[in-house]
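Each chain, letter by letter, is given below.
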There are 2 protein chains.
Amino acid sequence: MSRIAPLSGFPELLPAQRVVEREIIASLSRTFELHGFANIETRVVEPIDRLAKGGEVDKEIYVLQRLHAESGATPELGMHFDLTVPFARYVLEHAGKLEFPFRRFQIQPAWRGERPQEGRYRQFTQADIDIVGNGELAFHHDVEVMRVMVEALDALPLPPVSFQFNNRKLIQGFYRGLGIADVTTAIRMIDKLDKLPPGDVAELLVEQAGATPEQAATCLELATIRVADTSFVERVRALGVRDDLLETGLAELAAVIEGCASATSDRVSVEANLRIARGLDYYTGTVVEIFMSGYERLKSVGGGGRYDALASDGKTTYPGVGVSFGVSRTLIPLIADGLLTGSRPVPSAVLVAVGDEESRSASVEVATALRRRGIPCELSANAAKFGKQIRYAERRGIPFVWFGRPDDETGEIRHQVKDIRTGEQVDADPTTWTPPQEDLRPRTLTTTHEENQ
Amino acid sequence: MSRIAPLSGFPELLPAQRVVEREIIASLSRTFELHGFANIETRVVEPIDRLAKGGEVDKEIYVLQRLHAESGATPELGMHFDLTVPFARYVLEHAGKLEFPFRRFQIQPAWRGERPQEGRYRQFTQADIDIVGNGELAFHHDVEVMRVMVEALDALPLPPVSFQFNNRKLIQGFYRGLGIADVTTAIRMIDKLDKLPPGDVAELLVEQAGATPEQAATCLELATIRVADTSFVERVRALGVRDDLLETGLAELAAVIEGCASATSDRVSVEANLRIARGLDYYTGTVVEIFMSGYERLKSVGGGGRYDALASDGKTTYPGVGVSFGVSRTLIPLIADGLLTGSRPVPSAVLVAVGDEESRSASVEVATALRRRGIPCELSANAAKFGKQIRYAERRGIPFVWFGRPDDETGEIRHQVKDIRTGEQVDADPTTWTPPQEDLRPRTLTTTHEENQ
């Protein structure tokens, strides 16, 4: 068997790159847990009829079949394409054993059988948080869940990210108050503003959503409002539309912006952007899309919102609010561009040199003493010359090499440890010596775009 | 949509059970990293021709196809059914970017399209460690990798486990030295000893492997040798067979037993068991199967060995040695039997009560102060009576409830924290108070079978 080509759309990380991904996932998990979100993992398959309910996404589903299934057998299972559908099913299946409101985070891959392009993968990892209620879910959870994701992304070594919020009630109420005949179609047309010029969208609003040219112009005016504080409330009111649902939407959006404001930083900003609609039909209030500075070509790196019916079993409806962060979507380009790297490809902080194969067990003892105190280490694969063993460590990025050699005079083992970056070599005791904290484990190293050029 | 039935063969954990699984995975990862093993994750799909190479396993493969693929399109991708095949492919694909010997650990699900039974799942998580060399791999890595898994399982809250070692060179050399015509078939027949009585196996050795009745009896005698030390060497020699390969196998097996001995404990034992063969053809030296006390019905909960050709690209051969632990296979029954449980289903150590909705932001401030010092907490979903909020915490297993109430005399907020298990309530400062270490995070609680009855 000869060279192996990568499979398009299925990115795989080298060990040092995986250090970055694991650290990001650990950091996200830490923030989510500080806020009381419980981790779950769902199986990766769902019955196809459950996956296909979304309608337009069904083309992208991978279905599963046993290689030697009876010919003509109908496949019944497909791979999940997001973490929302399996979570909704999990809530229904296990509802009797969960406490509501139920906060969960889920960091798992999902699969789409689509043609891959940059930022789109056939297998990709997402990090989702949701809060789901049994029958009802107070609005303050919208603020809570969004703020948690703001804090979670603020803790990551990413380029600046921006949370762009809107509210479906605000848009719907505004369109209704304005007197537009087909509100749903109008929202779908406004959603095309990132692909079409405003003039074309105005025409579509007239042709498809039954708006007058004046109404279309007002819709576009609403969509241009984009501010980092709650001043949008007055600007919307200045457009002269009155509607109860609009008022609720304004109040909710203002509460989300205010609730997240104190968590913002140089890394994470928050805005009300009244053209954000999110195509998915199930959103009913808060909506958000997350963008990353310098990576606008990826479109959003995350998003979510409020859905008054995440799941329903006919008797009980489970409303939810959640937000998803595209781990692969964000990291793969940052790693490829060299902005994030692992400090070394192995966990080992120390390479314990081996003097000769007969004394390998003495080196094992040194390693055992170091590991007992939480210091990752490995032994040289063979008893080569020490210079060769140092190069062995160098190639792996291992910062320290440990030598135990019989003293020329006394014959006793003399232990020394060498920092191979500085060349400094000192006497050391395997039961007490500790590397500097920053060398103990591989870390994520960050470079900015400017430094990278 | 009405009630949802679980999908047979796809076990899913409730949040408190997932606490156990995550802790087990974190513990395994910790041990593997202390020994310098780097983590990787491979994509879950492989080209079908790569998965099907094993021959007899191809029936169990799940293949993937886009739901709306052209009819008659041949599926090209299948889900991996273990972590060895994808690891071998990863080594070949990325060989130029890896340092050898390459130590990796991998903890991921695998999938098999088989009929589920106890201990067998269609989706199951495995933890694999392997060391792979480029062209060559010294034998001492056999000892290393087995000892690492002994230490890893010793750190887990499991019933006692036993590592049963053998060596393919020992068996092959013995059979060859004995003069058996068809050594490969003889090994396959001996492997049936766990299903058939010895007499039947003896007959098969005669009928299928061309052994004389005397040779068959000697083979069975070899297979009965099972000791916890290196005394097997003398017992094998006493059978009177002489062969160079046998001598190598004896020396290797003795080295593995000795190398692991100092890591054994009440929880983990190590034995030479000369009837262990492992059916898979690719093993060439050390072989191991791991059993768990009280769960013999699961057969082995792990296994592995030495393979002189894990992978090959035609020019270079990559020998390897590894061992796999069945995380799902072990945990799902232990959790189902109530031997392992999570101490609570939520990460929160503290529920911050909410006096009324107007003061929710004051409760947010308390929570923020606690989280800043790494204390997971959540707020009450609503400003119910305090008794109700305490029961809200109780149902989630949250040990502490935080109250901030205006003092009757001064009007200043008086902070108090209540341990709802003891009822003790004390004044506390959100910037300094810390729960006892054992309450900070959910833990795994263990019960023995005896306590459970």
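Residues numbered from 1 in each chain as written. Chains lettered and ligands numbered in written order. Predicted model: local features only at pLDDT ≥ 70, side-chain atom pairs only at ≥ 80, totals over all residues. Heavy atoms only, no water.

### Re the overall build of chain A
Working step 1: A tally of regular secondary structure across chain A gives 15 helices and 19 strands.
Working step 2: For the C-alpha atoms alone, the extent of chain A along its principal axes is close to 100 × 60 × 45 Å.
Working step 3: Considering chain A as a whole, with its 453 residues, one finds that 57% of them fall into the buried category.
Working step 4: In chain A, the proportion of contacts linking residues at least 24 apart, taken out of those at least 6 apart, comes to 68%. (Helix = DSSP H or I, 4+ residues; strand = E, 2+ residues; numbered from the N terminus. Buried < 20%, exposed > 50% of the residue type's maximum accessible area, 1.4 Å probe, protein only. Contact = heavy atoms within 4.5 Å.)

### A short note on the interface of chain B and chain A
Working step 1: Contact with chain B, which involves 80 residues of that partner, is made by 80 residues of chain A.
Working step 2: For the pairing of chain B and chain A, the buried interface totals around 7,300 Å² over both sides, and the portion due to carbon and sulfur atoms is 57%.
Working step 3: In this structure, the connection of chain B to chain A is made through 10 salt bridges.
Working step 4: There are 40 residue pairs in polar contact (both at pLDDT 80 or more) connecting chain B and chain A.
Working step 5: Top element by residues in the side of chain B that touches chain A is helix 1 (residues 15-34) of chain B. It accounts for six residues.
Working step 6: Among the residues forming the side of chain B that touches chain A, the class breakdown is 40 nonpolar, 17 polar and 23 charged. (Buried area = accessible area lost by both parts, 1.4 Å probe. Salt bridge = Lys/Arg side-chain N within 4 Å of Asp/Glu carboxyl O. Polar contact = N/O pair within 3.5 Å; in protein donor to acceptor, adjacent residues only side chain to side chain. Nonpolar A, V, L, I, M, F, W, Y, C, P; charged D, E, K, R; others polar.)

### Overview of empty space enclosed by the protein
Working step 1: All told, the structure shown has one cavity of 30 Å³ or more when counted by the stated rule.
Working step 2: If you trace the largest cavity, you find 15 residues lining it, with P11, E21, Q123 and T125 of chain A together with E41 of chain B closest to the centre.
Working step 3: Among the secondary structure elements, those contributing two or more residues to the lining of the largest cavity are helix 1 (15-34), strand 6 (123-132) and helix 11 (327-336) of chain A.
Working step 4: Ranked by residues supplied to the lining of the largest cavity, first place goes to strand 6 of chain A with three residues. (1 Å grid on protein atoms, 1.4 Å probe; cavity = no way out; pocket = protein on both sides within 12 Å on 5 of 7 lines; lining within 4 Å. Points joined across faces, edges and corners; volume = space filled by probe spheres on them.)

### With respect to the domain arrangement of chain A
Residues and elements named next belong to chain A.
Working step 1: When the domains of chain A are assigned, the result is domain 1 (15-341) and domain 2 (350-445).
Working step 2: The centre of domain 1, based on its C-alpha atoms, is set 50 Å off from the matching centre of domain 2.
Working step 3: Listed per partner, the contact involves seven residues of domain 1 and four residues of domain 2.
Working step 4: There are zero salt bridges connecting domain 1 and domain 2.
Working step 5: The interface formed by domain 1 and domain 2 includes two residue pairs in polar contact (both at pLDDT 80 or more).
Working step 6: Of all elements in the fold, only helix 1 and strand 13 (340-342) reach the threshold of two or more residues within the side of domain 1 that touches domain 2.
Working step 7: A total of three residues in the side of domain 1 that touches domain 2 trace back to one element, the largest contributor, which is helix 1. (Domains from an automatic or database assignment.)

### Overview of the pairing of strand 11 (residues 302-312) of chain A
Residue and element names in this part refer to chain A.
Working step 1: Here strand 11 lies mainly inside the structure; eight of its 11 residues are buried.
Working step 2: As judged from the four bridges shared by strand 10 (residues 286-292) and strand 11, these two strands associate in the antiparallel manner. Paired with V288 across the two strands is G304, which belongs to strand 11.
Working step 3: For strand 11 and strand 12 (residues 317-326), the ladder comprises eight bridges, and the chain directions are antiparallel. Residue pairing for strand 12: R306 is matched across the bridge by V321.
Working step 4: Adjacent in sequence and paired antiparallel, strand 11 and strand 12 are bridged by four residues, among which G314 carries a positive phi angle near 95°. (Pairing = 2+ DSSP bridges.)

### Let's talk about the pattern of salt bridges
Working step 1: Applying the stated criterion across every chain, the model contains 56 salt bridges over all chains.
Working step 2: We note a salt bridge from E271 of chain A to R226 of chain A, for which the minimum N-O separation is 2.9 Å. Taken together, the positions of E271 of chain A in strand 9 (residues 268-273) and R226 of chain A in strand 8 (residues 226-227) put the pair 45 residues apart, joining distant regions of the chain.
Working step 3: Within the structure, one salt-bridge network assembled from shared partners comprises E12 of chain A together with R43, E46, R89 and E93 of chain B.

### Brief notes about the sheet that holds strand 8 of chain A
Residues and elements named next belong to chain A.
Working step 1: Read from one edge to the other, the open sheet built from nine strands follows the order 1-5-6-12-11-10-7-9-8, with strand pairing classed as mixed. Edge strands, defined here as strands with exactly one partner in the open sheet, are strand 1 (38-39) and strand 8.
Working step 2: Sheet analysis places strand 6 next to strand 12, joined by seven bridges and oriented antiparallel. Residue I129 lies in a different strand from strand 12, and its bridge partner there is V323.
Working step 3: In the packing of helix 10 (residues 244-261) onto the sheet, the strands contacted are strand 7 (161-167), strand 9 and strand 10, and the crossing angle to strand 7 comes to about 160°.
Working step 4: Here helix 11 sits on the sheet and contacts strand 6, strand 10 and strand 12; the angle it forms with strand 12, its principal contact strand, is near 5°. (Axes fitted to C-alpha atoms, helices over the stretch in contact; angles between N-to-C directions.)

### Let's talk about the packing of aromatic side chains
Residues and elements named next belong to chain A.
Working step 1: The full count for this structure, using the stated rule, is 22 aromatic pairs over all chains.
Working step 2: Here Y282 and Y283 contribute two aromatic rings whose centre-to-centre distance is 5.0 Å and whose plane-to-plane angle is 45°, an arrangement assigned as tilted.
Working step 3: Of the residues examined, Y282 reaches a relative accessible area of 33% and is grouped as partly exposed.
Working step 4: Cluster of aromatic residues (ring-pair linked, three or more members): Y282, Y283 and Y307.
Working step 5: One cation-aromatic arrangement involves R396 over Y392; the distance from NZ or CZ to the ring centre is 3.7 Å. (Phe/Tyr/Trp six-rings, centres within 6.5 Å; stacked < 30°, edge-to-face > 60°. Lys NZ or Arg CZ within 6 Å of the ring centre and 35° of its normal.)

### Things to note about the relation of the copies chain B and chain A
Working step 1: Overlaying chain B with chain A gives an RMSD of 0.0 Å, the required rotation being 180° about an axis along which the chain moves by 0.0 Å. Seen this way, the second copy is the image of the first under a two-fold rotation axis. Proximity to the rotation axis, assessed at the C-alpha, singles out L64 of chain B in chain B; its C-alpha lies 2.5 Å from the axis.
Working step 2: When you check the interface residues of chain B against chain A, 100% turn up at the interface there too, and the contact is symmetric in its surfaces. (Least-squares fit on C-alpha atoms with pLDDT ≥ 70 in both.)

### Regarding the UniProt feature "binding site: L-histidine" (unreviewed entry) in chain A
Residue and element names in this part refer to chain A.
Working step 1: Those residues carrying the UniProt feature "binding site: L-histidine" (unreviewed entry) are D82, L83, T84, R112, Q126, D130, R278, Y282 and Y283 in this numbering.
Working step 2: Those residues within four positions of D82 in sequence are excluded, and the remaining contacts are A110, R112 and Q126.
Working step 3: Positionally, D130 belongs in strand 6.
Working step 4: The contact partners of D130, leaving out residues within four places of it in the chain, are F37, F87, F102, R103, R104, V145, Y307, V321 and G322.
Working step 5: One polar contact links D130 to R104, side chain to side chain, over a distance of 2.9 Å. (UniProt positions renumbered as here; feature names shortened; annotations may be inferred.)

### Structural notes on the packing of helix 7 (residues 198-209) of chain A against helix 8 (residues 213-223) of chain A
Residues and elements named next belong to chain A.
Working step 1: Where helix 7 meets helix 8, the axes come as close as 9 Å, and the angle between the chain directions of the two elements is 130°. Considering the angle they form, helix 7 stands oblique to helix 8. Judged by the sense of rotation from one axis to the other, the crossing of helix 7 with helix 8 is right-handed. Residue-level inspection shows P198, V201, A202, L205 and V206 of helix 7 in contact with helix 8, the latter providing P213, A216, C219 and L220.
Working step 2: Broken down by class, the residue content of the contact of helix 7 with helix 8 amounts to nine nonpolar, no polar and no charged. (Parallel < 35°, antiparallel > 145°, perpendicular 65-115°, else oblique. Left-handed = near helix turned anticlockwise from the far one by under 90°.)

### Thoughts on the packing of helix 5 (residues 168-178) of chain A against helix 6 (residues 183-190) of chain A
Residues and elements named next belong to chain A.
Working step 1: Orientation of helix 5 relative to helix 6, taken along the N-to-C sense of each, is 120°, at an axis distance of 10 Å. When the axes of helix 5 and helix 6 are compared, the pair comes out oblique. Considering only the axes of helix 5 and helix 6, their crossing is right-handed. Here R168, I171, Q172, Y175 and R176 of helix 5 come into contact with helix 6, specifically with V183, A186, I187 and I190.
Working step 2: A breakdown of the residues in the contact of helix 5 with helix 6 according to their chemical character gives six nonpolar, one polar and two charged.

### A few points about helix 8 of chain A
Working step 1: Listed as buried for helix 8 of chain A are Q215, A216, T218, C219, L220, L222 and A223 of chain A.
Working step 2: Buried residues along helix 8 of chain A sit against helix 5, helix 6, helix 7, helix 9 (232-237) and strand 9 of chain A.

### Some details on the state of the cysteines
Working step 1: All chains considered together, the criterion is met by zero disulfides over all chains.
Working step 2: You can see C377 of chain A has no disulfide; the closest cysteine sulfur is in C260 of chain B, sitting 17 Å from it. (Disulfide = S-S within 2.5 Å.)

### Details of the pairing of strand 7 of chain A
Residue and element names in this part refer to chain A.
Working step 1: Of all seven residues in strand 7, seven are buried, a share of seventy percent or more.
Working step 2: Of the two faces of strand 7, the one carrying V161, F163, F165 and N167 and the one carrying S162, Q164 and N166 are both buried.
Working step 3: One ladder, built from five bridges, connects strand 7 with strand 9; its direction is parallel. Looking across to strand 9, one finds that F163 is bridged to V270.
Working step 4: Of the pairings in the sheet, the one linking strand 7 to strand 10 comprises seven bridges and is antiparallel in character. Looking at the pairing, N167 lines up with T286 of strand 10.

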